[in-house]
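# Summary of the model geometry
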Amino acid sequence: MKRRVIAGMSANSFGMAITIGIQLVSLPLFLYFWDAATYGVWLMLSAIPAYLSMADVGMVTAAGNKMTMAMGKGDLIETNRVFQSAQLFMSVVCCVIAILTIPVIFYAPLPFFQSVDMRVALSALCIGVLAALFGGLSEAIFKSTKRYATGTMLSNYVRLGEWLGYMTGLVMVGSFAAVALCGLAARLIGTLIGVQLSRRGNHGIHWGTHAAERAEIRTMIKPAVSFMAFPLANALSFQGLTLLVGALFGPIAVALFNTYRTIARVAVQVTAIFSHAVWPEFSRLFGQNATTAIHQMFRRSTLLGAVQAFFLSAILYGAAPFLLRIWTNNSIEFVPSLMMLMLLYAGVAGAWHIPRVLLMATNQHVGLAYWSLAAAVLSVGLAWLLGGVLQLNGIVLAMLLSELFIAIVCAWLAYNAVTGGLTRKAIPQ
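Residues numbered from 1 in each chain as written. Predicted model: local features only at pLDDT ≥ 70, side-chain atom pairs only at ≥ 80, totals over all residues. Heavy atoms only, no water.

### As for the confidence of the model for the protein chain
- Model confidence for the protein chain is summarised by a mean pLDDT of 89, while 98% of its residues fall at 70 or above.
- A low-confidence stretch, residues 423-429 stays under pLDDT 50, and its non-local contacts, those more than four residues away or across chains, total 19 contacts. (pLDDT = per-residue confidence, 0-100. Contact = heavy atoms within 4.5 Å.)

Below is the structure:
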C-alpha cells in the first residue's frame, strides 16, 4: 500500500508539473504565431467546451469508487455490473450531447464565431471534451485494480499529447481549426490507447454493456450528482470573492488578493497530491470491511495531511516576501497580517483534505456536498460584512472562518463514517 501511495503521489506531482509547464509555455508560443486579438478569440473558443466537462454528472467518479470497493471484497460480478452500467450511461450521454451540439455550432447564428474555421474548431474542442469524459472509464479500471498511478500517468501523458497536438497545428498551419483538430486527434489516439491498456491483466473487468442495469445507474445517480456540488462551491467561493473584492476595493486590491491566494493555495495543492493518492486505498479497504486498517490509515493520513498543510504554510510565509518580489517584480507588496491570515486559511483547507477524500472515496459525500455549498455561501456573506470593517483582512478572515466551519463538519462526518458503520453501507445495494 505504501508503494502504491508513493507511486500515486509521484504521478500526481508529474501531473501538476505538466499543468504548470503548459501554462508557462502556451502564452509565449501562441503570441509568437498569433497576435493578441487572435489569441483572445482562441481563449473564447476553448472556454465554451469547458461547460461540457460536467456532462457526466460525476458518474465516472462514483462508478470508479464503487468498482474499487467491489474489487476490494472480491466481487467481480458487481464490479462489471457497475462498470458496464457507467459505460452505457456515458455512451448515451456523450452521443446525445454530440448529436445536439454539433449542428447548433454549425448552423446556429453565433455572432462571435461566424467563420467556418471557428465553427470547426469549436466542434473539435467539444468532441475532445466528450472523449476525455469517456476516457475516464479507463482510469476507473486502473484505479479499481491497484494501478492508480499507472492510470494517472496515462491521463497525464494524454493531456500532454493533446497540448502538443494543439502546438503542432499552431506551428504547421496556424488556423483555429488546425489547432483544435490536431489536439482532438491526439486526444482520440490517447483515449484508444487507454482503453487497450486497461484491458491488460487478469483483473476480470470487461468492456461492453451486456451486464449494465438501469437500477445500477439509478443507484449511482445521487452520489454522482453530489460530486458536482464541490466545483460549484469552489466557483462560488473563488470567483464570488474575487468579484466581491473588486466591487468593494477596486482592481488593484483584486490583483493583491488573488496573488496572495495563489501563493497560499500551493499548500492545499501539495496536500491534495497526497490525499488523492490514498483515495483508492480507502475505497478498497472499505470494500474489504477492514475496520482496523481503515481506522489506522484514516488517523495516520489525517495527521500527516494536517502537518503537511500547516508546515508548508509556515514555509510559504517565510518565503512570501521573496516570492512576491521575484514573481511580481515588486508590483505586489508583502503585508504580514494579510499573508498570515491567508496561510492560516490554506492550512485549514489542507487539513481537512483527508477526511473529505475518505467520504468521497466511499460515495458517502452527499451530506458534505450540501454543507460545502452552505460554507461557500457563508464565506461570501461573511466577507461582505467583515470586508466593510476590516478591509482585505476581513475578506480573508471570512474565508478562514468558513473554512474552519466546513473542516469541523467534514471531520465530524468522517469520524461518524469510520466509527458508525460506514463499512456496513459503503456499497449501496
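### Things to note about the packing of aromatic side chains
- Under the counting rule described, the total for this entry stands at twelve aromatic pairs.
- Among the aromatic side chains, those forming a connected cluster through ring pairs are F30, W34, Y39, W42, Y166 and F176.
- Over the aromatic face of F230 sits the side chain of R356, whose NZ or CZ is 5.1 Å from the ring centroid. (Phe/Tyr/Trp six-rings, centres within 6.5 Å; stacked < 30°, edge-to-face > 60°. Lys NZ or Arg CZ within 6 Å of the ring centre and 35° of its normal.)

### Some remarks on the pattern of salt bridges
- Evaluation of the coordinates by the stated rule reveals seven salt bridges.
- One salt bridge in this structure joins E78 and K73, with 3.3 Å as the shortest N-O distance.
- E78 gets classed as buried once you look at its relative accessible area, which sits at 4%.
- Overall, the relative accessible area of 39% leaves K73 in the partly exposed class.
- Residues E281 and R284 are paired through a salt bridge, measuring 3.2 Å at the closest nitrogen-oxygen approach. Of the two residues, E281 and R284 both sit in helix α10 (residues 251-288), three residues apart, roughly one turn of that helix.
- According to the relative accessible area criterion, E281 is buried, its value standing at 3%.
- What you see here is one network of salt bridges that share partners, running through K66, R81, E213 and E216. (Salt bridge = Lys/Arg side-chain N within 4 Å of Asp/Glu carboxyl O. Buried < 20%, exposed > 50% of the residue type's maximum accessible area, 1.4 Å probe, protein only. Helix = DSSP H or I, 4+ residues; strand = E, 2+ residues; numbered from the N terminus.)

### A short note on the packing of helix α12 (residues 336-351) against helix α14 (residues 366-419)
- The contact between α12 and α14 brings their axes to 9 Å, and the two run at 15°. For the element pair α12 / α14, the angle class is roughly parallel. The chirality of how α12 crosses α14 is left-handed. Of the residues in α14, those touching α12 at S337, L338, L341, M342, L344, Y345, V348 and A349 are L392, N393, V396, L397, M399, L400, E403, L404 and A407.
- By residue class, the composition of the contact of α12 with α14 is 14 nonpolar, two polar and one charged. (Axes fitted to C-alpha atoms, helices over the stretch in contact; angles between N-to-C directions. Parallel < 35°, antiparallel > 145°, perpendicular 65-115°, else oblique. Left-handed = near helix turned anticlockwise from the far one by under 90°. Nonpolar A, V, L, I, M, F, W, Y, C, P; charged D, E, K, R; others polar.)

### Examining the nonpolar core
- In this structure, F257, Y260, F282, M342, L358, L392 and I395 are the most contacted members of the largest nonpolar core, which totals 66 residues.
- No other element matches the 17 residues that α14 contributes to this core.
- Aside from chain neighbours lying at most four places away, what touches F282 is M297, F298, S301, I354, V357, L358, A361 and T362.
- Core analysis: the next-biggest nonpolar cluster, separate from the first, contains 48 residues, L122, L130, L184 and I205 among them. (Core = buried A, V, L, I, M, F, W, Y, C linked by side-chain atoms within 4.5 Å.)

### Concerning the state of the cysteines
- Summed over the entire model, instances satisfying the criterion amount to zero disulfides.
- For C95, which is in no disulfide, the shortest distance to another cysteine sulfur is to C94 and amounts to 7.0 Å.
- Since its relative accessible area comes to 47%, C95 is described here as partly exposed. (Disulfide = S-S within 2.5 Å.)

### Quick notes on unusual backbone geometry
- At K146, a residue that is not glycine, the phi angle is positive and equals roughly 65°.
- Relative to the helices and strands, K146 resides in the loop between α5 (116-144) and α6 (148-172).
- One non-glycine residue, N363, lies in positive phi territory at about 60°.
- Locating N363 in the fold gives a position in the loop between α13 (353-361) and α14.

### Regarding the environment of R119
- Looking at the secondary structure, you find R119 in helix α5.
- Accessibility expressed as a relative area gives 9% for R119, which makes it buried.
- Each C-alpha atom, one on R119 and one on L390, is 48 Å from the other, the two residues being 271 residues apart in sequence.
- Dropping the residues within four chain positions of it, R119 is found in contact with V104, I105, F106, Y107, A108, P109, L110, F113 and Q114.

### Let's talk about the packing of helix α3 (residues 59-72) against α5
- Between α3 and α5, the shortest axis-to-axis distance is 9 Å and the interhelical angle comes to 20°. With respect to each other, α3 and α5 are oriented roughly parallel. The two elements α3 and α5 meet at a crossing, and its hand is right-handed. Across the interface between the two elements, V60, G64, N65, M67, T68 and M71 of α3 pack against L133, G136, L137, A140, I141, K143 and S144 of α5.

### A word on the side chain of S85
- When you line up the elements, S85 lands in helix α4 (residues 76-107).
- Polar contacts involving the side chain of S85 include one to the main-chain carbonyl oxygen of R81, which spans 2.6 Å.
- Here S85 is in contact with A211, A212, E213, E216, I217 and M220, once residues within four sequence places are set aside. (Polar contact = N/O pair within 3.5 Å; in protein donor to acceptor, adjacent residues only side chain to side chain.)

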